[in-house]
Amino acid sequence: MQLLRRGDTGRAVVEVRATLRQFGLLAGPLAGFPDEHFDVHVEQAVRAFQQRRGLITDGIVGPATYRALREAGWSLGDRMLAHMIAAPMSGDDVTTLQERLLELGFDPGRPGGVFDERTEKALKAFQREYGLVPDGVCGPATLRSLKQLGRKVTGGRPHLLREQELLREAGPRLRGKRIVVDPGHGGLDRGVSVAGATEADLMWDLGRRIVGRMTATGMEAMLSRREDTCPSDTERAAFANNAGADLVLSLHTDANPSMHANGLATFHFGNGSGSTSTVGEALAGLIQRELLTRTAMTDCGTQGRTWELLRLTRMPTVRIEVGYLTHLGDRRNLLDPNFRDVVAEGVLVGVKRLYLLGQNDQPTGTFTFSDVLARELERGGAQAI
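Fair warning: this is a prediction, and the values are worked out from it, not measured in the lab. (Residues numbered from 1 in each chain as written. Predicted model: local features only at pLDDT ≥ 70, side-chain atom pairs only at ≥ 80, totals over all residues. Heavy atoms only, no water.)

Peer 1: Lay out the overall build of the protein in plain terms, naming residues and giving numbers.
Peer 2: For the protein, the helix and strand inventory stands at 14 helices and eight strands. A compact globule built from 385 residues should have a C-alpha radius of gyration of about 21 Å, and the protein, at 22 Å, falls within 12% of that. Here the C-alpha coordinates of the protein stretch approximately 60 × 60 × 35 Å along the principal axes. Here the protein holds 385 residues, and the buried ones make up 51% of them. Within the protein, contacts between residues separated by at least 24 positions form 67% of all contacts whose residues are at least 6 apart in sequence. Carbon and sulfur atoms provide 51% of the accessible area of the protein, an area that totals close to 17,500 Å². Of the side-chain charges in the protein, 48 are positive and 47 negative, and the distance between the mean point of each set is 3 Å. (Helix = DSSP H or I, 4+ residues; strand = E, 2+ residues; numbered from the N terminus. Rg over C-alpha atoms; globule rule 2.2 N^0.38 Å. Buried < 20%, exposed > 50% of the residue type's maximum accessible area, 1.4 Å probe, protein only. Contact = heavy atoms within 4.5 Å. Areas by Shrake-Rupley, 256 points an atom, 1.4 Å probe, with all protein chains shown as cover. Lys, Arg positive; Asp, Glu negative; His and termini not counted. Charge placed at Lys NZ, Arg CZ, Asp CG, Glu CD.)

Shown next, in the form of structure tokens:
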């Protein structure tokens, strides 16, 4: 779709205005400004909506913001919900259904707002237990039952507890863990491109370095794409889900109109209203700290987002923005193979720390790839680093 920003006009702007008014974020148009005008007030309302939804707050209506505007318009009960294989249903009503099932003790997975097979399975389990027809369709009878019943699980968010328990059960060893490394862009999509350096090439090289180190430790590491392809985020998420990955690491660089913008940021799933991936957040923080210590990059923080890859994967997923290609210092670092080795090592150690769960741990930035490899290859492999 066409990007909409301040100064644009047209019927699409009318639709955006109407949706923002529905959410109480925008008043009527000012005198002299038609409803089809994207003015400063619309931009401010878009920014407020983006902030609320865990999107980049740039005031521009692109595909992700338009999708979120469309999905936010649905409330549970507005329509019947079911698993549609060709075009999965998505929206805030699906998120509410998933959260309600979790509160009742059923497991639709992360409440990402997409009605998938796991949501259907959880809904059918609920319907069977409460004497309803287990058809996996959330219609009037199912809605009445959901509203009448109290919580079965209290004292915390059950999906968070499940994520943490799966991590605990996985044990401290890296051997056998299945990791998808996702180099951003690829093929004809070069991503950020500055002075002959492209995001696609640099992240492909970094991804291979990470996969090589992980494979050496006994992990089953795989790349989400070939060098000459650029799957959509939906396809990348499907690849990770079908592979049964334990973790996904997505690699990107950033860009900014200001040549002074620089630094490192990591992102995990989080929708701004309390639903988050706690393991993803923990891993993002560990990788952030390792890389900051090893590279002395500017700390741009760890943040929750609802981007497609973070939202659609069933396992903890972290997106790493390794500097700004538009910044001279960051670009110089990224073009240095030794720097990419340092980043690859820091990412590996961050993953290892995640599985240690804080046991027998050491100061940030003190482990090397050789240290990790030696511990993983010790007899029995049970010793932590």
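Peer 1: Give me the packing of helix α13 (residues 337-356) against helix α14 (residues 369-376): which residues, what numbers.
Peer 2: Relative placement of two packed helices is described by the angle separating their axes and the distance separating the axes. At a minimum axis separation of 9 Å, α13 and α14 run at an interaxial angle of 40 degrees. One way to sum up the angle between α13 and α14 is to call them oblique. Handedness of the crossing formed by α13 with α14: left-handed. Contacts between α13 and α14 involve Glu345, Leu348, Val349 and Lys352 from the first element and Phe369, Val372 and Glu376 from the second. (Axes fitted to C-alpha atoms, helices over the stretch in contact; angles between N-to-C directions. Parallel < 35°, antiparallel > 145°, perpendicular 65-115°, else oblique. Left-handed = near helix turned anticlockwise from the far one by under 90°.)

Peer 1: Could you give me a rundown of unusual backbone geometry, with the residues and numbers involved?
Peer 2: Within the chain, Ala195 stands out as a residue other than glycine whose phi angle is a positive 50 degrees. Relative to the elements of secondary structure, Ala195 occurs in the loop between β2 (193-194) and β3 (197-198). Overall, Ala195 belongs to the exposed group, its relative accessible area being 74%. Despite not being glycine, Ala296 has its phi angle at roughly 60 degrees, a positive value. Along the chain, the position of Ala296 falls in the loop between α10 (278-295) and β7 (299-305). Under the relative-accessibility criterion, Ala296 is labelled exposed at 68%.

Peer 1: Tell me about the packing of aromatic side chains, and please be specific about residues and values.
Peer 2: As enumerated under the stated definition, the model contains four aromatic pairs in all. Ring centres of Phe23 and Phe49 lie 5.8 Å apart, and the angle between their planes is 10 degrees; this geometry places the pair in the stacked category. Of this pair, Phe23 sits in the loop between α1 (11-22) and α2 (40-53) while Phe49 sits in helix α2, and the two are 26 residues apart along the sequence. Each member of the pair, Phe23 as well as Phe49, is classed as buried. Their ring planes at 40 degrees and their centres at 5.0 Å tell us that Phe126 and Tyr130 sit as a pair that is tilted. By the ring-pair criterion, three or more aromatic residues cluster together here, those being Phe106, Phe126 and Tyr130. Here the basic side chain of Lys177 rests over the ring of Tyr355, its NZ or CZ set 4.6 Å away from the ring centre. Above the face of the Phe369 ring, Arg213 is positioned so that its terminal group lies 5.9 Å from the ring centre. (Phe/Tyr/Trp six-rings, centres within 6.5 Å; stacked < 30°, edge-to-face > 60°. Lys NZ or Arg CZ within 6 Å of the ring centre and 35° of its normal.)

Peer 1: Just give me the short version of empty space enclosed by the protein, but keep the residues and values in it.
Peer 2: Scanning all chains against the criterion turns up one cavity of 30 Å³ or more. Counted as a void, the largest cavity has a volume near 50 Å³. Forming the walls of the largest cavity are Asp233, Ser250, His252, Trp307, Leu309, Leu310 and Arg319. Of all the secondary-structure elements, those providing two or more residues to the lining of the largest cavity are β5 (247-254) and α11 (308-312). (1 Å grid on protein atoms, 1.4 Å probe; cavity = no way out; pocket = protein on both sides within 12 Å on 5 of 7 lines; lining within 4 Å. Points joined across faces, edges and corners; volume = space filled by probe spheres on them.)

Peer 1: Explain the pattern of salt bridges to me, using residue names and the numbers behind them.
Peer 2: As a working rule, side chains carrying opposite charge can pair if their charged atoms are close by. Within the structure shown, the criterion is met by 24 salt bridges. With its nearest N and O atoms 2.9 Å apart, the salt bridge here joins Arg118 to Asp107. Taken together, the residues Arg118 in helix α5 (residues 117-129) and Asp107 in the loop between α4 (92-103) and α5 connect sequence positions 11 residues apart. On the basis of relative accessibility, which here comes to 30%, the residue Arg118 falls in the partly exposed class. Note on Asp107: relative accessible area 27%, which makes it partly exposed. (Salt bridge = Lys/Arg side-chain N within 4 Å of Asp/Glu carboxyl O.)

Peer 1: Explain the nonpolar core to me, and be specific about the residues and the numbers.
Peer 2: Formed by 43 residues in total, the largest nonpolar core has its most connected members in Met214, Leu249, Ile320 and Val351. At the level of elements, β1 (178-183), α8 (199-216), β5, α10, β8 (317-324) and α13 are the ones that each hand at least two residues to this core. For Ile320, the contacting residues outside a window of four places in its chain are Ser250, Leu251, His252, Leu264, Ala265, Thr266, Ile287, Leu291 and Val347. Core analysis: the second largest hydrophobic core is formed by 16 residues, Phe23, Val42, Val46 and Leu69 among them. (Core = buried A, V, L, I, M, F, W, Y, C linked by side-chain atoms within 4.5 Å.)

These figures come from the coordinates and say nothing about function on their own.
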